[in-house]
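So the chains spell out like this:
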Amino acid sequence: MNLNRPVITEGFGPVRQFGGFGINQNQNDMNTTKKFIYPVTGMHCAGCASTVEEAVSRVSGVESATVNLAAETVQIQTRTADVPRDAIREALKKAGYDLAEESDSGLKLEEKRERDRKTLETAKRRMVQSWIVTLPLMLWMAVEMISGHHLAGPLVMEIGMTLGAGWVLLIPGRRTIVSGWKSALNRSPNMDLLITIGTVASLLTGLLALAHLLDLFQVPIHSFAGIAAMIMAFHLAGRYIETRAKGRTSEAILKLLTLEAKEARVIRNGQEETVSIRELRPGDTVRVRPGEKVPADGQVVDGEGSVDESMITGESMPVRKEKSEPVIGGTMNLEGSLLIQITGVGEDSFLNRVIRLVEEAQTTKVPIQAYADRITAIFVPVVLLLSLFTGLFWLIFPDVLTPLLEWADGVLPWVSTGMGRWGQAFYSALAVLVIACPCALGLATPVALMVGSGLGAGNGILIRRAEAIQRMNDVSLMVFDKTGTLTVGEPEVTGFEPARPGRREELLGIFFRLEEGSEHPLSRAIIRFARTEASAAVMNAWNLDLSEFRSHPGMGVSARINDQVVYAGNRRLLEQHRVNPGEDYAARAALLEAEGNTVIFLVVDGEVAAL
């Protein structure tokens, strides 16, 4: 997937239509707006997204910047000829972020998956490391608070708590601390800053309490070192859950990329050779055999066959392709050998344009997200002020809040009234930071957007604008524009009518054996039906000799089975081999077709044996 590419979104050039998607072809008009998508590393929250957008927007030539937090990308709009990649990288580094490394052709599928896998593994490792130390500390504190029994002396306990919390902050939590520190230096506070302030301040109380026990600090202070480890452990657990959710939803786009063929049979200098699809160029001529994917968009120049285009149209029945017919890369050739002249490869292919639309839908902001962005832009400063106000209120008006604390002390075992005014002020201010740090409002909106568009893409529903997801909440009536019916995407047999009911299992076995040699959707449906209808003993008797198998593109298949010439196909196949179905069968077939069925005739030794 190429994340560093121009997308023309405005202008008056000719537009090609594929399956309802309009793609502007005019990429030479310098008055049009170009979009570029860059992968960004280091973003964790809505505050990060706002900081990146602001930093990139200040780059010369950039008209606007939009961050997709869930996909960890930034999309810029510009009218300049060149992408200011170096300038964007420099702006991001000053803000504490960076561009992800990528190959010249953009992030390939394998590279993208490998990066996502490593990111998830890193998040999981940090979470596990933090909880290995934090869980014993929590149990230690819980036993002492609930039972009142001290498991160790004050000095031993304080050393254990402080060392354990320090390890959690400096090893698994180091990235969070660095991110929060950078955001403070760049005057763009993010959620990591709240975590950093809360954990470092808590750890500092443990160090001061330890110094007091060692007679190095004369003022007694209540230690919250264990709280620091708890805050960081819960934060890293949440970060792991977020990372896993991002990976699952972005798989929808990666699944679209797996539809591409890997290789192509290109004809050069009269010789057929197998090359990577990356080496294909417009004008190349390729051969696509039955059962192979069309490597790229093109036009049939010789041959005829049936192509499964269900990935594009949703139609379960294959489409007949003859000379001058267009074909789309990623679709499957089911019957016949096709000679195709390539017209579109890489970023110009239809499949990549569909992927681009899905990416853009995930990057655009819905109205509710704009509202969330306005709130999160001031969220961190407001939380810091509220935390400071809470601490000052306890210092100035302790008599007002102490009665409430004494009441809670008799109800909740973890509430303590013995911390003193300064300790309680610090504890309350710290609680404000801890409760506010997840920032569900700023995180949930972009993640929900990506989940919605990702699930849609995975189920064949491509969403062009993110606003459509929000507006779906108001839909009360849905109208489907479909050719007569809504389907499940693959055909199934609705009936099997043999000419002689006593030969049903025998004819079903002949049908099964004949269709085994074909990859056609109708053949697969017949095979599924036969296996469902027949018993195991009957299927064991279906080990029939098959030879001279032949596919007749657009009509059916034929073969010799146990010295019998057998055909299975439509009326055209019968006409070609001068087989008369008879008035009764012709009338029955016409009735079934009028009901929307596709009728296949089974012909054995020149006579219609079943429908």
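Please read these numbers as outputs of a predicted model, since none were measured by experiment.

Parameters and conventions
- Residues numbered from 1 in each chain as written.
- Predicted model: local features only at pLDDT ≥ 70, side-chain atom pairs only at ≥ 80, totals over all residues.
- Heavy atoms only, no water.
- Core = buried A, V, L, I, M, F, W, Y, C linked by side-chain atoms within 4.5 Å.
- Buried < 20%, exposed > 50% of the residue type's maximum accessible area, 1.4 Å probe, protein only.
- Helix = DSSP H or I, 4+ residues; strand = E, 2+ residues; numbered from the N terminus.
- Contact = heavy atoms within 4.5 Å.
- Phe/Tyr/Trp six-rings, centres within 6.5 Å; stacked < 30°, edge-to-face > 60°.
- Salt bridge = Lys/Arg side-chain N within 4 Å of Asp/Glu carboxyl O.
- Expected span 1.5 Å × (residues − 1).
- Arc of directions from axis to C-beta.
- Pairing = 2+ DSSP bridges.
- Axes fitted to C-alpha atoms, helices over the stretch in contact; angles between N-to-C directions.

Here's the deal with the nonpolar core
Argument step 1. Core analysis: the largest hydrophobic core is formed by 23 residues, its most contacted members being F496, L507, F511, L514, V566, A568 and L602.
Argument step 2. Mapped by element, the contributors of at least two residues to this core are α16 (504–515), α17 (521–533), β18 (556–561), β19 (564–569), β20 (601–604) and β21 (607–610).
Argument step 3. Per-element accounting of this core gives the leading share, 6 residues, to α16.
Argument step 4. In this structure L507 touches F496, P498, L602, V604, A609 and A610, once residues within four positions along its chain are discounted.
Argument step 5. Counting residues in each nonpolar core, the second largest holds 22 residues, with F36, M43, V56 and L92 among its members.

Observations concerning the packing of aromatic side chains
Argument step 1. On inspection of all chains with the given rule, the structure shows 4 aromatic pairs.
Argument step 2. Ring geometry for F389 and F393: centres 5.9 Å apart, planes at 45°, overall tilted. On the criterion of helical spacing, the pair formed by F389 and F393 is a turn pair, its members being 4 residues apart in helix α11 (residues 379–396).
Argument step 3. An angle of 50° between the planes, with centres 5.0 Å apart, marks the rings of F393 and F397 as tilted.
Argument step 4. On the basis of relative accessibility, which here comes to 41%, the residue F397 falls in the partly exposed class.

Focus on the pattern of salt bridges
Argument step 1. Enumeration over the complete set of coordinates arrives at 17 salt bridges.
Argument step 2. Where R289 meets E272, a salt bridge forms, and the shortest distance between an N and an O atom there is 3.0 Å. Of the two residues, R289 is situated in the loop between β10 (285–288) and β11 (297–302) and E272 in strand β9 (residues 271–276); the sequence distance between them amounts to 17 residues.
Argument step 3. Overall, the relative accessible area of 34% leaves E272 in the partly exposed class.
Argument step 4. Among the salt bridges present, the one from E548 reaches R560, with a minimum N-O distance of 3.6 Å. Of this pair, E548 sits in strand β17 (residues 546–552) while R560 sits in strand β18; the two residues are 12 residues apart in sequence, bridging distant segments of the chain.
Argument step 5. One network of salt bridges, in which partners are shared, links R265, E272, R287, R289 and E292.

Quick look at helix α5 (residues 174–185)
Argument step 1. Its 12 residues place the ends of α5 17 Å apart at the C-alpha level, agreeing with the 16 Å of an ideal helix rising 1.5 Å per residue.
Argument step 2. For α5, the full list of buried residues reads T176, I177, S179, G180 and S183. Projected down its long axis, α5 shows its buried positions confined to an angular sector of 165°, all on one face. Across from the buried face of α5, at angles greater than 90 degrees, the exposed residues are R174, W181 and L185.
Argument step 3. Backbone geometry just downstream of α5 places R187 in the positive-phi region, at approximately 55°.

Considerations on the sheet that holds β20
Argument step 1. Taking strand neighbours across the sheet as the criterion, the 5 strands line up as β17-β18-β19-β20-β21 in an open arrangement whose pairing is antiparallel. The open sheet has two free edges, formed respectively by β17 and β21, since each of these has just one partner strand. The mean angle between the axes of side-by-side strands here comes to 25°, regardless of whether they run parallel or antiparallel.
Argument step 2. The pairing of β17 with β18 spans 5 bridges and is classified as antiparallel. Residue pairing in the sheet places S551 in a bridge with V557 of β18.

Digging into the sheet that holds strand β16 (residues 338–344)
Argument step 1. Across the sheet, 6 strands lie side by side as β9-β8-β10-β16-β11-β14; this open sheet has antiparallel pairing. What marks the edges here is a single partner per strand, and that holds for β9 and β14 (326–327).
Argument step 2. Judged from the 5 bridges that link them, β11 and β16 form a sheet pairing that is antiparallel. Across the sheet, residue D297 finds its bridge partner in β16, namely G344.

Some remarks on the environment of G329
Argument step 1. Of note, G329 is situated in the loop between β14 and β15 (332–335).
Argument step 2. With a relative accessible area of 9%, G329 lands in the buried category.
Argument step 3. If sequence neighbours within four positions are ignored, G329 has contacts with V294, P295, A296, D297, M311 and L351.

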